[in-house]
Amino acid sequence: MSSELNKVYNPEEVESKWYAYWEKHRFFRSTPDERPAYTIVIPPPNVTGVLHMGHMLNNTIQDILIRRARMKGYNALWVPGTDHASIATEAKVVQLLRQQGIKKSDLTRDEFLKHAYEWKDKYGGIILKQLEKLGASCDWERTRFTMDETYYRAVIKVFIDLYNKGYIYRGLRMINWDCEALTALSNEEVQYAENGEASKMYSLRYPIQNEPDTWVIIATQRPETIMGDTAIAVNPNDPRYQHLIGKTALVPLINRPVPIIADTYVDMEFGTGCLKLTPAHDPNDYEIGQRHNLPIIDTINLNGTLNELCELPHYIGLDRFEVRKRIIKELEEKGHLVAANDYTARIGRSERTGSVVEPKLSLQWFIKMKEISRRALQAVEDNEVQLIPAKYKNTYRHWMENVRDWCISRQLWWGHRIPAYYYGEGENDFVVAETPEQALQIARHKTGNPHLQANQLRQDEDVLDTWASSWLWPIAVFDGFEDYDLETQQFTRLNPDLAYYYPTDVLVTAPEILFFWVARMIIAGYEYLDKHPFKDVYLTGIVRDKLGIKMSKSLGNSPEPLELIAKYSADGVRVGMLFASPAGNDLPFDEKLCEQGRNFANKIWNALRLVKGWQTTPAHNPHNQPAINWFESKIVQTRQELDNLFEQYRISEALNLLYSFIWDDFCAVYLELVKPDFEQPLDETTYRATIGFFEQLMQLLHPFMPFITEEIYQHLQPRQEGESICISHYPTPTLPDETALKRGEILKTLLTQLRDVRVKKNLKPKDPLPLFANVSQPDFYQPIIPVLQKKAFLQSVEFTAAEVPNSAMFMVGTDVFYAALSSDFDVAAEKERLHKEIDYLIGFAKSVNAKLSNEKFVSSAPEAVVNKERQKLADAEQKLTALQEALGKL
RNA sequence: GCACACAUGACGCAGUAGGUUUAGCGUGUUUGCCUUACAAGCAAAAAGUCGCAGGUUCAAAUCCUGCUGUGUGCACCA
């Protein structure tokens, strides 16, 4: 039998073989039934994406949870899918078209979308295929995409509903503008470099009107915006500038007269204490402008070039940064530049394009967040939704309490087109409806013009922010909104899937998207189903390299996941990632850990080779019974600990526990204990027990290492087609036998001690060695003596009440053992060994004694604690006496 | 700037209601082994007074205060 099994485990064919088998039998398919459900919805990866280390970690964790639930008897469902990632995808498609010589501006919306869908069909599924390589046990028949037909309908419906409820409004607001992608961004999509960016702070002189040789000096990083200035502001309490308030300054180069106003916003300490106000291009300036009724002069086009409002013809049409370079020279030449100092600025950049974000005044769609998010804030406070680790509660609370309205419109084509239809030029000349037909009805009614025609309606050109679709994910993947009635603002029913699977059990995701996505899903969950979308949110750590830098493809510090899998197997990589991933902490990734995972697989494989190599005999061998009893209880105990760890999402620790249980307890101890002598058969009872243990271990390990455990499971016993470890159930838990456990642990200790004696005395593993035991309860030891004798190669084992001369003495608890040595043993070495142990015990006893002789300790500490200390001391003293006697005999 | 984490042998971590023998685990290091499942292995060893300074307590890696360092989130000034 063993000749069929390679000496080294070969995962490559095994992994693809079993994944195909699982798919063929649809083991991951879930439909509602009478069992309790356990549901996870995948955080949909970006459809343009390819697998990176973060995905590997977070999907491994999801797979572990879902596989474990499946084996615990739940009806486990893991819903996969992708989101359409409007900016990222559109940017990719635009870029691809450009390579083909096609400009987006030359295409109609429909033509462009056709290209985009082609692109999606071709590349959109890559990342899901990669998840299969990892072993992900998703129900692929339920794969969803945020622009699927029903999903699209859901997003539009929700927009209309929130509009009807008054949560959505259209307004002129200062927004973040991406001049490259030509779209608005939400605050969350703007990123700042960690330590700022090198910039210059320019000091400019603005003359005072009608007062020759008087001026104010302002500081700015953006001299190209001065043509949009409409005022100068100083702090009303600033003694330096009292005389200037109410006067008029002249904007350099264009000589526009602007008032000098007083506003407490101005920080007297900063710069010169004079602030130029450019309401069109700075959020704070805009607000001050509103307070003082300042005009707004928007000098920058959507693409970042300057327009005719800048009044300087030679700058019109030039990019703002080009203008900056030139205008500095011009200002200098004309005597307006006072200073140019190096300055570190926090510059906002678009998350997707990296382009410097331009604050711009723009008419956009917003969701009012304050009221709609109230329940969601409370839910996390009350642990209706539990964040793991809990430290994120603070972060969440802070964001929710200071939540700002969410700009949801994007000036893109790839996405859900805003269902607003305009019939006139006025700001409010629009209606919101699911279809153009309905829009026409409503518009006719609203305008009172029954002759209004469809071609007089113009649908909003913009699409919705991607997160304004993915925030519905836990409901929309089940097509839940099909049954939502916009009239009554209620569900007419919950479809069977939604009723069965919602709320989901856990969401596993990266902390970066706590606000982008998680918070908003909670909001949507309460708004629509009045229920949390998931019970727990497990926020994974960030995968970092050895230098502690976040791994990313763009930085080039990330290994290629599929290459890792090729090198170490999916099982190995899964284990490698988990080894380094304590709950909620960052993951310092080290390829070595994948190697460790691979080695572990090999270890298990070889345990299989050993077991499958055994011949059996019906003859009974009672000597193995203590080992069997011990291991049986040990599994029970380990399962309890695993349950405990999983309950707290201590998945890495659970893996570590299993790792050492399998490697140390099963392979190194149990298998060695029951292993028959060379070419001897094993009794059937032990063999069957061993196969059973091995099978249970594989079941416990299966969520972590799905492939090798299936391979072993299939080898351990003959299986029918359609049987699989992944749908097998854990046996019903029993209680551990404490005596059997203790006996096993003591057997382990004795074996280690005896091995130690051999090493220290330079004895070969099989040199004859008689053992004498002076123990309080010989009966306790009786059952393990045969196996101890065999495994420690003991010549004999005898109970005694006397000292044994010429022996190495050691203690287990308070029981004394003597390994009898031949007369020529090294007395000096033995003395030294005993001395060392005595010294340790003296030190120990001293520290315990110090406690016990402390009056206050004895009187204030709980009795149990004091008694424990007394017991410690008594044991130590008993040991000391025995050791000292042994030393005296030498 | 505000807030929140974290600081344990060479490295990565555990120590989850102050008291399970003077702190555990993995990797690495050193030593000895190709022992008939596994050198992707086996057996053993060395290595930390738990960032620093105080405090509370009979008792502190564990609680409190301050400091230092690192990380994260939020805000942001011309």
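Okay, so let's go over this structure. These numbers were taken from a predicted model, which means no experiment stands behind them. (Residues numbered from 1 in each chain as written. Chains lettered and ligands numbered in written order. Predicted model: local features only at pLDDT ≥ 70, side-chain atom pairs only at ≥ 80, totals over all residues. Heavy atoms only, no water.)

1. Things to note about the sheet that holds strand β21 (residues 430-432)
Alright, step 1. Strand order in the open sheet formed by three strands is β21-β20-β22, and the pairing between neighbours is antiparallel. Among the strands making up the open sheet, the edge pair consists of β21 and β22 (458-459).
Alright, step 2. Relative to β22, strand β20 (residues 420-422) runs antiparallel, the two sharing two bridges. Within β22, the residue paired with Y421 across the bridge is Q459.
Alright, step 3. Along the sheet, helix α11 (residues 436-447) contacts β20 and β21; its crossing angle with β21, the most-contacted strand, is approximately 130 degrees. (Pairing = 2+ DSSP bridges. Helix = DSSP H or I, 4+ residues; strand = E, 2+ residues; numbered from the N terminus. Contact = heavy atoms within 4.5 Å. Axes fitted to C-alpha atoms, helices over the stretch in contact; angles between N-to-C directions.)

2. Brief notes about the protein's contact with RNA strand B
Alright, step 1. In the neighbourhood of RNA strand B, 56 residues make up the surrounding shell, with D267, N606, F678, Y840 and F844 lying closest.
Alright, step 2. Restricting the count to atoms of RNA strand B within 4 Å of the protein gives a sugar and phosphate share of 59%.
Alright, step 3. Here Q648 contributes a side-chain N or O atom positioned 2.7 Å from a base oxygen of RNA strand B.
Alright, step 4. Sorting the residues of the surface near RNA strand B by element identifies β9 (215-220), α10 (392-401), α17 (591-612), α19 (651-674), α22 (738-760), α25 (827-852), α26 (855-860) and α27 (863-889) as the ones contributing at least two each.
Alright, step 5. By residue number, the principal contributor to the surface near RNA strand B is α17, which donates ten residues.
Alright, step 6. Of the residues in the surface near RNA strand B, the class split is 23 nonpolar, 16 polar and 17 charged. (Near = heavy atom within 4 Å. Polar contact = N/O pair within 3.5 Å; in protein donor to acceptor, adjacent residues only side chain to side chain. Nonpolar A, V, L, I, M, F, W, Y, C, P; charged D, E, K, R; others polar.)

3. What to know about the pairing of β9
For a regular strand, the rule is simple: side chains alternate between the two faces of the sheet.
Alright, step 1. Burial along β9 is one-sided: the face carrying V216, I218 and T220 is buried and the face carrying W215, I217 and A219 is not.
Alright, step 2. Pairing between strand β8 (residues 197-207) and β9: six bridges, direction antiparallel. From the neighbouring strand, Y206 faces β9, where its bridge partner is V216. (Buried < 20%, exposed > 50% of the residue type's maximum accessible area, 1.4 Å probe, protein only.)

4. Overview of the sheet that holds β8
Alright, step 1. If you walk across this open sheet you meet the three strands as β9-β8-β14, and the pairing is antiparallel. Every other strand in the sheet has two partners, leaving β9 and β14 (337-345) as the edge strands with one partner each. Averaged over all adjacent pairs, the angle separating strand axes in this sheet is 20 degrees, with direction ignored.

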